[in-house]
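# Overview (structure and organization)
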Amino acid sequence: MIRVKTLMSLVAGAGLLLSGSIAQADESIGSGARAFKQLEEILPSPNVYRDASGAPGPNYWQQEADYKIKVRLDEQNRRIIGAETITYTNNAPTSLRYLWVQLDQNKFNNGSISRRTETASKRDGKDSLSFSALRREQSHEERPYGAEIKAVKDARGNDLKYTIVDTMMRIDLPAPLKTGGQTVFSIDWEHNIIQEASIGGRGGYEWFEENDTYIYFLAQWFPRMAAFTDYTGWQHKQFLGQGEFTLEFGDYDVEITVPSDHIVSSTGVLTNPGAVLTKTQRDRLKQAEKSDKPIYIVTPEEALENEQDKETDLKTWKFSAENVRDFAWSSSRKYIWDAMAHHQEGGKYDTVMAMSFFPNEADPVWSLYSTQAVVHTMDVYSKYSFPYPYPVAQSVNTWAGGGMEYPMITFNGYRPVLDKETGQKTYSRRTKYGLIGVVIHEIGHIYFPMVVNSDERRWTWMDEGLNTFLEYLAEVEWEENFPAFGNKTNLLDSITDYMTSANQVPIMTQSDSVISFGPNAYTKPASALTVLRETVMGREQFDYAFKEYARRWKFKRPTPADFFRTMEDASGVDLDWFWRAWFYTNDHVDIGITDVRSYTVSTQDPEVEFPQDRAQKAKDQPEPLQQSRNREAGIKTRLQRVPALKDMYNDNDEFTVTNKDRNEFNSFLDGLKPWQKRVYEKAMADKNFIYFVDFKNIGGVPSPLPVTLHFEDGSSEDMLIPAEIWRFNSMNVTKMIIRDKKIASVELDRHHQTADADFGNNHFPQQISQSRIKLYKSDRKRKDLMADMLVKLKDRAKAEAKGDDKEVPLTPAN
Amino acid sequence: MIKKFALYLFSVLILMQFSITGAHAHRTQMSITTLEYLPAAAGMTIEITHKIHYHDAQEALLLSDQGATGMSVMELEAQARFALYTSQNFSLWHDNAKTDVTLIGAEVDGDYIYIYQEATLETAPQTITVDCYILRDVFGSFGNHVNIRRGRNVQTLIFQGDEGVKSAPLP
């Protein structure tokens with residue numbers, strides 16, 4: 001219950017407010033100014049390439065790289081043999097004397113920075129080696145990895161000088177490439193394909209031991225032009241594994257030669273279906289173009305039959321892709337292939353083919369959900385950004401877990417399991433939703449960053465954060481309570497463990513230096529955008545600004561400043577304070593309600609006020625036990641025993657009304673100016689309750705205050721106080737709330753919409769909260785069931801462990 | 001002189017037969033462990049909560065070759081197995097003395113499986129040492145994030161790759 005007092009007068013009330021502010025200012029002076037300071041010196045200066053509104057400037061430029069590639073998969077040796085011709089167009093306002101090419105496969109070379117900086121392990125203070133680490137080492141010993149450059153030549157066939165620096169290669173041009181100029185050169189290369197499960201990477205091959213079959217998925221596989229940009233020149237941060245990539249847009253013609261019984265899925269459109277597909281398959285594809293549900297192009301039965309033989313004849317699949325920033329493909333004789341049409345308006349393609357490729361091991365869950373999830377992603381993402389800009393969108397099952405994206409093609413995990421007892425394939429609820437989630441996420445990446453071409457190697461959050469945010473929107477639109485964060489788990493609740501931890505780095509950290517990659521680059525920025533949309537800006541303003549950002553930077557290169565500026569520019573909402581707190585600091589959201597004081601406006605009439613004051617004092621200062629127990633014990637006071645001691649003070653207390661008090665009240669009324677009298681009389685008629693609610697910013701991030709007032713009559717009222725309330729003092733604020741009925745309690749952020757880390761201080765009066773462990777322990781039945789199961793398992797483990805060495809010592813080398 | 005060290009291959013009770021070393025653009029795999037140091041009538045109580053994404057726990061169970069294959073994390077036995085596995089891959093020392101940790105139980109809530117442990121200390125220690133290897137033996141890219149809380153103060157230890165024990169002053 002909130003205690004009610006009367007303000008001594010309207011004037012006195014104002015004085016209370018002022019004195020409160022002055023008392024708090026000592027420790028927090030200037031804190032609001034610091035929190036709401038504009039990002040002027042933090043953001044790069046606007047220029048002719050990127051303007052102050054966050055849009056591309058009048059002289060915006062970017063390079064172009066077009067590729068013609070012929071590649072052969074040597075299945076026998078798990079090896080790639082490739083030749084490419086690159087046409088590079090220099091649109092920069094400067095001449096280039098050399099070009100940089102990325103060789104990401106060199107990350108797997110034993111001499112790479114990545115390999116040489118791997119660290120060893122200790123457990124329990126002893127050196128240790130896990131099976132996975134040992135297998136990785138063995139794989140690296142078995143054969144060499146990395147790009148083997150066979151030739152680098154100009155258009156006339158002359159050798160070009162090149163220098164390899166870890167995962168980069170510099171090609172020295174015979175003459176500077178001037179602005180607007182083009183150069184054509186070729187690279188022949190080969191490399192061994194890694195086994196992804198052993199070495200780890202974004203591409204490789206997967207081996208199915210049971211039937212000795214393979215899936216190949218080639219990502220970051222060919223020498224690719226490094227990005228050359230207005231903000232950093234050549235992008236030559238070496239590939240260390242964590243920071244992904246950014247490249248130049250261009251057109252690709254790629255010929256992929258594989259065993260003739262393989263099915264190939266690739267970036268781009270298949271240009272020679274007559275040469276590689278059967279008539280039946282071509283007919284099915286045509287049927288799928290008009291279908292609103294997936295149609296098999298290769299059925300599960302056909303795929304099963306296909307993988308029994310191992311053809312050595314070759315076929316060449318030809319693909320063409322326009323305006324893409326990379327090219328990836330996958331090939332296997334195991335693939336089932338299904339497809340359906342996605343129809344859209346306003347884009348370059350009215351019909352987009354959504355397709356999935358997967359082995360029988362991935363069914364039935366893939367047949368049910370993969371291609372449908374591809375279509376759903378385009379439905380939702382296009383609504384918040386732009387129509388899907390390519391003719392195909394593909395989901396390929398290339399590994400058991402995880403996911404990875406490339407233009408028009410994504411590599412996704414999740415498979416059912418074989419029940420050992422029944423021999424039947426089953427999939428869990430989580431496998432189902434995990435698959436839908438990963439397909440949405442990776443297909444979503446075709447928008448961000450494959451089209452909105454942010455620089456993943458510098459700012460992971462720009463694609464992962466934005467995409468995770470959109471992924472959640474799409475998941476909620478797939479079905480209510482989608483278990484991405486549904487049931488009891490709110491995205492904003494899931495980030496608080498991370499945001500309250502130490503050893504964080506801000507979101508604005510270069511990709512390879514990010515600590516706790518997932519929460520830092522995925523969940524925290526996604527949470528930030530969710531808070532922006534649902535609480536700070538509102539959906540209408542957020543959606544308009546976000547769509548404008550996507551429109552402005554489609555097929556261009558945005559930087560963080562372009563995003564920050566566009567979101568402000570298009571919405572009319574100053575968000576510098578938000579970017580500063582969420583993206584440039586490690587602060588978190590934790591606002592507490594520290595006090596609520598309740599008043600009514602004093603009549604100043606002593607006949608009314610003094611009795612109330614007397615009653616209030618009695619409430620505030622209950623009779624001491626010493627006194628009441630004396631009375632109960634029959635102890636007589638001296639005054640009772642000696643009545644002569646009694647005088648006027650014994651008959652009147654400090655609240656007895658005197659003529660002096662009455663005169664003062666009359667003087668007060670006479671002294672009021674006409675407008676003050678009207679205010680006084682209205683206040684007397686309204687009989688409102690006035691509340692002073694104190695908020696403390698414990699976490700450091702200024703936050704809007706979604707407040708719920710619970711009234712004594714059982715009703716409640718939600719109100720949203722904008723974050724600007726913290727602009728003078730970002731540590732403590734007091735909000736005055738006037739209502740015509742009594743408030744019983746005040747609650748903050750009841751819908752969990754601000755990422756508040758501690759709800760223990762979000763109620764006034766405070767509510768008792770229990771830790772998860774205490775709540776768990778209080779459920780005796782559940783706890784006992786678990787305890788019984790633990791005992792059972794421990795006993796079983798003891799029995800199994802008898803005579804079985806759990807640690808295998810290796811003999812040290814002499 | 002080259003000092004000789006004994007090198008051990010560790011085997012864990014449940015999950016050790018396969019390993020994934022993927023690099024994914026999707027959700028990064030990590031566990032979050034919270035150690036809450038609370039004053040008790042005599043000394044301190046430590047409430048330990050491990051929070052692991054359901055997908056990761058489920059995936060690990062799928063890879064298990066110890067009878068858990070095909071189990072759903074929703075099953076009591078699977079949760080118990082996971083709790084045992086977690087308790088075997090999480091150790092604590094205070095001022096260099098090993099601390100006995102009691103396994104309380106496990107539950108699934110929303111997208112996460114929670115594993116609960118408890119420990120008691122007679123006196124407040126100066127330093128805490130943690131060995132947290134949860135699922136890093138299964139997924140090469142898995143990380144363990146350990147928050148050590150005392151009141152409003154937090155210390156964090158992050159374990160990645162093959163990293164071993166780490167220490168921090170008690171906040």
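Rules and cut-offs
- Residues numbered from 1 in each chain as written.
- Chains lettered and ligands numbered in written order.
- Predicted model: local features only at pLDDT ≥ 70, side-chain atom pairs only at ≥ 80, totals over all residues.
- Heavy atoms only, no water.
- Helix = DSSP H or I, 4+ residues; strand = E, 2+ residues; numbered from the N terminus.
- Buried < 20%, exposed > 50% of the residue type's maximum accessible area, 1.4 Å probe, protein only.
- Contact = heavy atoms within 4.5 Å.
- Areas by Shrake-Rupley, 256 points an atom, 1.4 Å probe, with all protein chains shown as cover.
- Phe/Tyr/Trp six-rings, centres within 6.5 Å; stacked < 30°, edge-to-face > 60°.
- Lys NZ or Arg CZ within 6 Å of the ring centre and 35° of its normal.
- Expected span 1.5 Å × (residues − 1).
- Axes fitted to C-alpha atoms, helices over the stretch in contact; angles between N-to-C directions.
- Parallel < 35°, antiparallel > 145°, perpendicular 65-115°, else oblique.
- Nonpolar A, V, L, I, M, F, W, Y, C, P; charged D, E, K, R; others polar.
- Core = buried A, V, L, I, M, F, W, Y, C linked by side-chain atoms within 4.5 Å.

Going by an unreviewed UniProt entry, chain B carries the name DUF1850 domain-containing protein and comes from Kordiimonas sediminis.

As annotated in an unreviewed UniProt entry, chain A carries the name Aminopeptidase and comes from Kordiimonas sediminis.

### Quick notes on the overall build of chain B
Helices and strands together make up the secondary structure of chain B, namely two helices and 11 strands. For chain B, with 171 residues in total, the buried portion stands at 66%. Sequence separation of at least 24 residues holds for 63% of the intrachain contacts in chain B that already meet a minimum separation of 6. Of the accessible surface of chain B, which amounts to about 6,000 Å², a share of 50% is contributed by carbon and sulfur atoms.

### Structural notes on the packing of aromatic side chains
What the rule picks out here adds up to 56 aromatic pairs over all chains. Note on tyrosine 252 of chain A and phenylalanine 327 of chain A: the rings are 5.6 Å apart at their centroids and 20° apart in plane angle, and the pair reads as stacked. Remark: phenylalanine 327 of chain A occurs in the loop between strand E20 (314-324) and strand E21 (329-332) and tyrosine 252 of chain A occurs in strand E16 (residues 250-259); sequence separation between them is 75 residues. When sorted by exposure, tyrosine 252 of chain A lands in the same class as phenylalanine 327 of chain A, which is buried. Between tyrosine 114 of chain B and tyrosine 116 of chain B, the ring centres sit 6.4 Å apart and the planes meet at 15°, which makes this aromatic pair stacked. Residue tyrosine 114 of chain B is classed as buried on the basis of its relative accessible area of 9%. Above the face of the phenylalanine 208 of chain A ring, lysine 334 of chain A is positioned so that its terminal group lies 4.1 Å from the ring centre.

### With respect to helix H15 (residues 539-553) of chain A
All names here are of chain A. Taking 1.5 Å of rise per residue, 15 residues should cover 21 Å, and H15 covers 21 Å from first to last C-alpha, within 8% of that figure. The set of residues buried in H15 consists of Phe542, Ala545, Phe546, Glu548, Tyr549, Ala550, Arg552 and Trp553. Next to the buried residues of H15 lie helix H9 (365-384), helix H11 (461-478), helix H14 (517-536) and helix H16 (560-571). Positive phi appears at phenylalanine 555, one or two residues downstream of H15, with a value of about 60°.

### Points about the packing of helix H18 (residues 606-620) of chain A against helix H22 (residues 659-671) of chain A
Residues and elements named next belong to chain A. Running from N to C, H18 and H22 cross one another at 120°; their axes reach a closest spacing of 10 Å. The angle between H18 and H22 falls in the class oblique. Contacts from Pro606, Glu607 and Phe610 in H18 reach Asp661, Arg662 and Phe665 in H22. Looking at side-chain class alone, the contact of H18 with H22 contains three nonpolar, no polar and three charged residues.

### A short note on the environment of phenylalanine 327 of chain A
All names here are of chain A. On the accessibility criterion, phenylalanine 327 (0% relative accessible area) is buried. In the structure, phenylalanine 327 is positioned 108 residues away from alanine 219 in sequence and 7.6 Å away in space, judged by C-alpha atoms. Once residues within four sequence positions are removed from consideration, phenylalanine 327 is found in contact with Trp221, Phe222, Tyr252, Val254, Ile256, Ser266, Thr267, Phe319 and Ala321.

### Observations regarding the side chain of serine 703 of chain A
All names here are of chain A. Secondary-structure assignment places serine 703 in the loop between strand E30 (689-697) and strand E31 (705-711). Residue classification places serine 703 among the buried positions, given a relative accessible area of 3%. Residues contacting serine 703, with those up to four places away along its chain left out, are Val589, Ile591, Ala723, Trp726 and Thr754.

### Describing the environment of alanine 683 of chain A
Residues and elements named next belong to chain A. Of note, alanine 683 is situated in helix H23 (residues 674-686). Judged by relative accessible area, which is 19%, alanine 683 ranks as buried. In sequence terms alanine 683 and threonine 603 are 80 residues apart; their C-alpha atoms lie 8.9 Å from each other.

### Considering the nonpolar core
Formed by 187 residues in total, the largest nonpolar core has its most connected members in Trp329, Phe563 and Trp582 of chain A. Ranked by the residues each element gives to this core, the list is headed by H9 of chain A, at 10 residues. In this structure, Met786 of chain A together with Met44, Met71 and Ala106 of chain B belong to the second largest nonpolar core, which totals 50 residues.

### Points about helix H17 (residues 576-583) of chain A
Residues and elements named next belong to chain A. In terms of burial, H17 is largely enclosed, as eight of its eight residues are buried. Within the sequence span of H17, burial applies to Asp576, Trp577, Phe578, Trp579, Arg580, Ala581, Trp582 and Phe583. Of the surrounding secondary structure, the elements contacted by the buried residues of H17 are helix H2 (31-35), H11, helix H13 (496-499), H14 and H16.

### A closer look at the environment of methionine 731 of chain A
Along the chain, methionine 731 of chain A falls in the loop between strand E32 (716-721) and strand E33 (732-739). Taking the C-alpha atoms as reference, methionine 731 of chain A lies 7.3 Å from isoleucine 698 of chain A; in sequence the two are 33 residues apart.

### A short note on the side chain of serine 370 of chain A
Here serine 370 of chain A lies in helix H9. Look past the residues within four positions of serine 370 of chain A in its chain and what remains in contact with it is Ser356, Val365, Ser395, Leu435 and Val439 of chain A.

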